[in-house]
Amino acid sequence: MIVLAGAILGALLGALQARRLGGKPLDMLQYAAGFGIAFSLVGLFLTIIIERMM
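This is a predicted model, so every value here is computed, not measured.

Calculation criteria
Residues numbered from 1 in each chain as written. Predicted model: local features only at pLDDT ≥ 70, side-chain atom pairs only at ≥ 80, totals over all residues. Heavy atoms only, no water. Phe/Tyr/Trp six-rings, centres within 6.5 Å; stacked < 30°, edge-to-face > 60°. Helix = DSSP H or I, 4+ residues; strand = E, 2+ residues; numbered from the N terminus. Buried < 20%, exposed > 50% of the residue type's maximum accessible area, 1.4 Å probe, protein only. Patch = residues over 30% accessible without salt bridge, like charges linked within 9 Å, V, L, I, M, F, W, Y side chains within 5 Å. Areas by Shrake-Rupley, 256 points an atom, 1.4 Å probe, with all protein chains shown as cover. Salt bridge = Lys/Arg side-chain N within 4 Å of Asp/Glu carboxyl O. Polar contact = N/O pair within 3.5 Å; in protein donor to acceptor, adjacent residues only side chain to side chain. Expected span 1.5 Å × (residues − 1). Arc of directions from axis to C-beta. Axes fitted to C-alpha atoms, helices over the stretch in contact; angles between N-to-C directions. Parallel < 35°, antiparallel > 145°, perpendicular 65-115°, else oblique. Left-handed = near helix turned anticlockwise from the far one by under 90°. Nonpolar A, V, L, I, M, F, W, Y, C, P; charged D, E, K, R; others polar.

*Asks:* How should the packing of aromatic side chains be read in this particular structure?
*Replies:* Aromatic rings in a pair are described by how distant their centres are and how their planes are angled relative to each other. The full count for this structure, using the stated rule, is two aromatic pairs. Ring geometry for F35 against F39: centres 6.3 Å apart, planes inclined by 15°, an arrangement best described as stacked. Of this pair, F35 and F39 both sit in helix 2 (residues 25–53), four residues apart, which is roughly one turn of that helix. Classification of F39 by relative accessible area gives partly exposed; the value is 30%.

Laid out in structure tokens, this is it:
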């Protein structure tokens, strides 16, 4: 669940960052993909850490 939330949040933040920098739609897609992957990896590690602590 944390992984999915991280992917969605990362994609939104990536698209907004590209728009803020004056990017074209393909730039926004690339930023969204990159941020989405990065945030979902962070969410994956958080999920693993939480599961190990319980």
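Past the structure itself, the notes keep going.
*Asks:* Sorry if this is basic, but what is going on with a nonpolar patch on the surface here?
*Replies:* Together, I37, L41, L44, F45, I48, I49 and M53 make up a nonpolar patch on the protein surface, roughly 710 Å² of accessible area in all. For L44, a relative accessible area of 38% puts it in the partly exposed group.

*Asks:* Sorry, what's going on with the side chain of S40 here?
*Replies:* By secondary structure assignment, the location of S40 is in helix 2. By relative accessible area, which is 17% here, S40 ends up buried. A polar contact is formed between the side chain of S40 and the backbone oxygen of G36, at a distance of 2.7 Å.

*Asks:* In this structure, what is going on with helix 1 (residues 2–20)? I would like to understand it.
*Replies:* Residues spaced three or four apart along an α-helix face the same direction, because each turn holds 3.6 residues. Between its first and last C-alpha, helix 1 extends 26 Å over 19 residues, near the 27 Å set by a 1.5 Å rise per residue. Turning to helix 1, its buried residues are G6, G10, G14 and A18. Looking down the long axis of helix 1, one finds its buried residues gathered within 85° of arc, a one-sided arrangement. The outward face of helix 1, more than 90 degrees from its buried face, is lined by the exposed residues L4, L12, R19 and R20. The positive-phi residue at the C-terminal boundary of helix 1 is G22, with phi of around 80°.

*Asks:* Where do I start with the packing of helix 1 against helix 2 in this structure?
*Replies:* Packed helices, taken two at a time, are described by the angle their axes make and the gap between the axes. At a minimum axis distance of 6 Å, the contact between helix 1 and helix 2 shows a crossing angle of 150°. Judged on the interaxial angle alone, helix 2 and helix 1 are roughly antiparallel. Seen along the crossing, helix 1 lies across helix 2 with a hand that is right-handed. Looking at side-chain class alone, the contact of helix 1 with helix 2 contains 15 nonpolar, eight polar and two charged residues.

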